[in-house]
Amino acid sequence: MSATEQVINLAEDFSPYPAGRDHADGPFNGARFRDEILRPRLADAIARGQTLVVSLDGVKSFGSSFLEEAFGGLVRIGVSKKDVIRYLHVRATGDSSQRYLDAIKRYVSQA
Amino acid sequence: MRKLSKKLRNWLIKKARAGSLGGRSLHLRRRRRVKHLVQLWTGTQVREAVARNDPVIPPANLCLESNAEETLRFLNGARYRKPGQFTGRPGEKMSWLHERQRGLPILWSYSDYSKIEHLSTSAAVVLTAEYDRLRHLYDASPPTVNLHQWSDAVFSKLYEIGFFEILGLTSRVADMYRDSGNVRVMRIMSGTNTEGLESAARNLLGLASHYMADRLISEEVILALNSALSEAMANVARHAYSDDHVFPYKHIGKWWVTAEVDRLKGTLTVVIYDQGATIPVTFPKRSLSDRVQDYLSRTLSGQKRFEFENDATYVAGAMIPGNTQTGLKYRGYGIPQMKELIDICGSGKLTIFSRGGRCQYECGGEVERRSYAKSIGGTLIEWVVQLPEREHVGH
């Protein structure tokens, strides 16, 4: 981790099997990840002028409702789309996760 | 009123005996009750009982793929089964069996599973779920009748998926898998939301990778499978058992998952079932073009109208990205993601049965749809994916 970025490892810091939109869907849902981890960490990164990296390595499921609620939902709850695009970087090293990176970008842009 | 002349009376009696009255029913005779002895398996012993009525006969081929209409009719009937009160005394507990002080206990009704020759995995899941529901609601599941007459294939299928464990007839074992020839089956799991995803996903991976060492289940397929399953579980938690829906029977708010691998065919089959409100109820939307298509196909085929005739169209509509009951543009990706798994695998098929609607998508093809007059009693999703051989990968 460089001094200009913070990192969230979704699998280790939250769950390797995140799923669902909110608490009604299950414990490791998108709204919980967004509200408890992603949003506060992003706000902190923005305040420090840093980039927040969310690593998807080690994650074993990428349900669309989780991804949409966690990332697209950031914009809906008031974080500016410009800030999300500028300060939030989602990364995955394996080829198999690439389609989910694209999906996250789509959810943010459509939010 | 027409006078009942001797001639008319004789005609009525004759027609009633023949069992028909020109489309009108006239039950002059009581239903014939045939008492007979049956054997009940309690898990530890076999005991006899007197069955008061003829059994319900299931179709010989209980399969949603090759004999959907008869299978749905039987499963639909089974759904309305419940234990009875035999004495009518106040406070009497409902039970499947009437224990008497003298003589053998009385069994009011049962289904004769010895008549089943083939039982598909999907039909077995629906059946097991139904027994699980009855056991939860009434503290006891329907008795297992004449087990010694069941075919080996039917007994094996139910044993493999854990039917008898759910009934409480056999003790729960640690082993998640059971082998039968070239097929290994994952014991049925159940849950109410996505909390069960991790254990289901781990068991699925164990099922496929240990049994089919010569087949490749890529990281991409694993991710897509887990993601599709997570969406199915989330849909159950969010939509299936909504308080807004009035259910014709009590539910227990669960999903059931099982899977099997066939080493000879190189296939992995995953089935998830719930007894919820169904897609046609929670997503009753049809586009204008679908309405026209439904009308034309019904008119051209001369098919009579029936209650669930549009259900397949509703299911097909839910498979289109962005279509959702909420009307919110950011929703409606769950079922399309279930379909995407088939495209990622490059072969295989997805079948969604919901109430009376059935849609099937084969990789690269169109969605085939068909509606049935009887409901599956919820939503059943089945993925069958072909796993490539290891030596062929990359060539």
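Up top is the structure these notes are about.
The numbers attached to residues start from 1 for each chain and follow its sequence in the written order. Both sets of labels track the order of writing: A upward for chains, 1 upward for ligands. Predicted model: local features are reported for residues with pLDDT of at least 70 only, side-chain atom pairs are reported and counted for 80 or more only, and whole-chain, interface and lining totals are derived from all residues. Computation of side-chain values: all heavy atoms of the structure, hydrogens and water removed.

Caption draft 1: Main features of the overall build of chain B. Counting secondary structure elements, chain B contains eleven helices and 15 strands. For the exposure calls, accessible area comes from a 1.4 Å probe over protein chains only, and a residue counts as buried if that area is under 20% of its type's maximum, exposed if over 50%, partly exposed in between. Counting the 395 residues in chain B, one finds 52% classified as buried. In what follows, a contact means two residues having at least one pair of non-hydrogen atoms within 4.5 Å. Within chain B, contacts between residues at least 6 apart in sequence are counted, and of these 66% link residues at least 24 apart. Counting only carbon and sulfur atoms, one obtains 49% of the accessible surface of chain B, whose full area is about 19,900 Å². Put simply, DSSP H or I for four residues or longer makes a helix, DSSP E for two residues or longer makes a strand, and each gets a number counted from the N terminus. Residue burial considers only the protein chains on display, and all accessible areas are found by Shrake-Rupley using a 1.4 Å probe.

Caption draft 2: Quick peek at the sheet that holds strand S1 (residues 5-9) of chain A. All names here are of chain A. Between any two strands, pairing holds if DSSP finds at least two bridges. Pairing in this open sheet of three strands is parallel, and the strands run S1-S2-S3 from one edge to the other. Of all the strands in the sheet, just S1 and strand S3 (88-91) have a single pairing partner and so form its edges. Neighbour to neighbour, the strand axes of the sheet diverge by 25° on average, direction disregarded. Relative to the sheet, helix H2 (residues 30-48) contacts S1, strand S2 (51-55) and S3, its axis offset from that of S1 by approximately 170°. Every axis corresponds to a line fitted to the C-alpha atoms, with the helix fit spanning only the stretch in contact, and the corresponding angles, defined between N-to-C directions, vary from 0 to 180 degrees.

Caption draft 3: View of helix H3 (residues 121-138) of chain B. Residues and elements named next belong to chain B. A rise of 1.5 Å per residue sets the reference length of H3, with its 18 residues, at 26 Å; its end C-alpha atoms lie 25 Å apart and thus fit the reference within 8%. Summarising burial for H3: 15 of the 18 residues are buried, a large majority. Count one or two residues on from H3 and you reach Asp139, which has phi positive near 65°. In this scheme, a helix's expected span is set at 1.5 Å multiplied by one less than its residue total.

Caption draft 4: Expanded view of the sheet that holds strand S9 (residues 183-191) of chain B. Residues and elements named next belong to chain B. Pairing is antiparallel in the open sheet, where eight strands are placed in the order S8-S9-S10-S11-S15-S12-S13-S14. Strands with a single pairing partner mark the edges of an open sheet, and in this sheet they are strand S8 (177-180) and strand S14 (367-371). The mean inter-strand angle of the sheet, taken between neighbouring strand axes irrespective of direction, is 15°. Judged from the seven bridges that link them, S9 and strand S10 (residues 255-262) form a sheet pairing that is antiparallel. Within S10, the position partnered with Arg184 by the bridge is Val261. Its contacts with the sheet place helix H11 (residues 334-345) against strand S12 (349-354), strand S13 (357-362), S14 and strand S15 (379-386), and it is angled at close to 15° to S15.

Caption draft 5: Structural detail: the environment of B:Asp262. All names here are of chain B. Counting through the fold element by element, Asp262 comes out in strand S10. Spatially, the C-alpha atoms of Asp262 and Glu340 are 22 Å apart, while their sequence positions differ by 78 residues. Beyond its immediate stretch of four places on either side in the chain, Asp262 contacts Asn182, Val183, Met212 and Thr267.

Caption draft 6: Region of the structure containing the pattern of salt bridges. Any Lys or Arg side-chain nitrogen located within 4 Å of an Asp or Glu carboxyl oxygen qualifies as a salt bridge. Counted according to the given criterion, the structure contains 27 salt bridges over all chains. Two residues, A:Asp44 and A:Arg48, come together in a salt bridge whose shortest N-O distance is 3.0 Å. Of this pair, A:Asp44 and A:Arg48 are both found in helix H2, four residues apart, which corresponds to roughly one turn of the helix. For A:Arg48, a relative accessible area of 57% translates into the label exposed. For B:Arg202, the salt bridge goes to B:Glu198, with nearest N and O atoms at 2.7 Å. Linking B:Arg202 with B:Glu198, this pair stays in helix H6 (residues 197-211), spanning four residues, or about one helical turn. One continuous salt-bridge network, built from bridges that share partners, spans A:Arg21, A:Arg34, A:Asp35, A:Glu68, A:Glu69 and A:Arg76.

Caption draft 7: View of empty space enclosed by the protein. Here a cavity is any set of points on a 1 Å grid over the protein atoms alone where a 1.4 Å probe fits but cannot get out, and a pocket is any open set with protein on both sides within 12 Å along at least 5 of 7 lines; a residue lines the site when it has an atom within 4 Å of a point. Grid points are joined across faces, edges and corners, and a volume is the space filled by probe spheres set on the points. Under the definition given, this model contains four cavities of 30 Å³ or more. Here the largest cavity is characterised by a volume of approximately 530 Å³. Contributing to the lining of the largest cavity are 32 residues, with B:Glu231, B:Asn235, B:His239, B:Gly334 and B:Ile335 lying nearest its centre. Those elements that provide at least two residues to the lining of the largest cavity are helix H3 (64-76) of chain A together with helix H7 (219-240), strand S11 (267-274), helix H8 (279-282), H11 and S15 of chain B. The greatest single-element share of the lining of the largest cavity, amounting to eight residues, is contributed by H7(B). Note on residue categories: nonpolar means Ala, Val, Leu, Ile, Met, Phe, Trp, Tyr, Cys or Pro, charged means Asp, Glu, Lys or Arg, and polar means any other residue, Gly included. Within the lining of the largest cavity, the residues separate by chemical class into 14 nonpolar, twelve polar and six charged. For the second largest cavity, the calculated volume is near 60 Å³. Each residue belonging to the lining of the second largest cavity can be placed in one class, and the counts come to nine nonpolar, two polar and one charged.

Caption draft 8: Expanded view of the packing of aromatic side chains. Residues and elements named next belong to chain A. Pairing of aromatic side chains here covers Phe, Tyr and the six-membered ring of Trp, requires ring centres within 6.5 Å, and sorts the geometry by plane angle: under 30 degrees stacked, over 60 edge-to-face, intermediate tilted. According to the stated counting rule, one finds 21 aromatic pairs over all chains in the structure shown. With 6.2 Å between their ring centres and 25° between their planes, Phe14 and Phe66 make a pair best called stacked. Of this pair, Phe14 sits in the loop between helix H1 (10-13) and H2 while Phe66 sits in helix H3, placing them 52 residues apart in sequence. Assigned by exposure class, Phe14 and Phe66 land together as buried. Ring geometry for Phe33 against Phe66: centres 5.9 Å apart, planes inclined by 40°, an arrangement best described as tilted.

Caption draft 9: Region of the structure containing H3(A). All names here are of chain A. Along H3, the largest kink reaches about 30° and is centred on Ala70. Buried residues dominate H3, accounting for twelve of its 13 residues. Residues of H3 that are buried include every one of Ser64, Ser65, Phe66, Leu67, Glu68, Glu69, Ala70, Phe71, Gly72, Gly73, Leu74 and Val75, and no others. Just past H3, the residue Gly78 takes up positive phi, approximately 115°. The angle between axes fitted to the seven-residue stretch ending at a residue and the seven-residue stretch beginning at it gives the bend at that residue.

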